[in-house]
Amino acid sequence: GSKSLLDHVAFSSLLKAHLDEFDAASKLHRPIIALDILNEWRRMHQGRLVKLDKKRNLWNDIGDRKGRELIGKSLKKMSEEKRNASLPSIHLQKNSKDDTAVAVKERDATVHS
């Protein structure tokens, strides 16, 4: 429903707010950041991270360990998407006149031979 959509948007915004901190952190510090985010989510939004138990058709809290892992994976994915979005897309085009290949950068169409 609309509450779950609002929760998703709020959770995504919380992750985005911590993305630069996560990117700058060492691998050892990243799980601490993820746990801080989980605690902030629970405190500020009275939020839980839940998973559907299909047998009983009930939503259950996933707990701190899985919550921290989920947040860490989400931040890592967001970081990779951010990094990839900032890179120009490059592909090769074959020049039909002399059979040479050139790399074309999609962003500004600069051609390098």
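Residues numbered from 1 in each chain as written. Predicted model: local features only at pLDDT ≥ 70, side-chain atom pairs only at ≥ 80, totals over all residues. Heavy atoms only, no water.

This part covers the pattern of salt bridges. Tallying each qualifying case throughout the model produces six salt bridges. In this structure, aspartate 61 engages arginine 42 in a salt bridge whose closest nitrogen and oxygen atoms are separated by 3.0 Å. On the criterion of sequence distance, the pair formed by aspartate 61 in strand 2 (residues 58–61) and arginine 42 in helix 3 (residues 30–45) is long-range, its members being 19 residues apart. Salt-bridge contacts for aspartate 64 lead to arginine 42; the nearest nitrogen and oxygen are separated by 2.4 Å. Here the residue aspartate 64 occupies a position in helix 4 (residues 63–86), and arginine 42 occupies one in helix 3, the gap between them amounting to 22 residues. Overall, aspartate 64 belongs to the partly exposed group, its relative accessible area being 41%. Accessibility expressed as a relative area gives 23% for arginine 42, which makes it partly exposed. Through salt bridges with shared partners, a single network forms among Asp20, Asp23 and Lys82. (Salt bridge = Lys/Arg side-chain N within 4 Å of Asp/Glu carboxyl O. Helix = DSSP H or I, 4+ residues; strand = E, 2+ residues; numbered from the N terminus. Buried < 20%, exposed > 50% of the residue type's maximum accessible area, 1.4 Å probe, protein only.)

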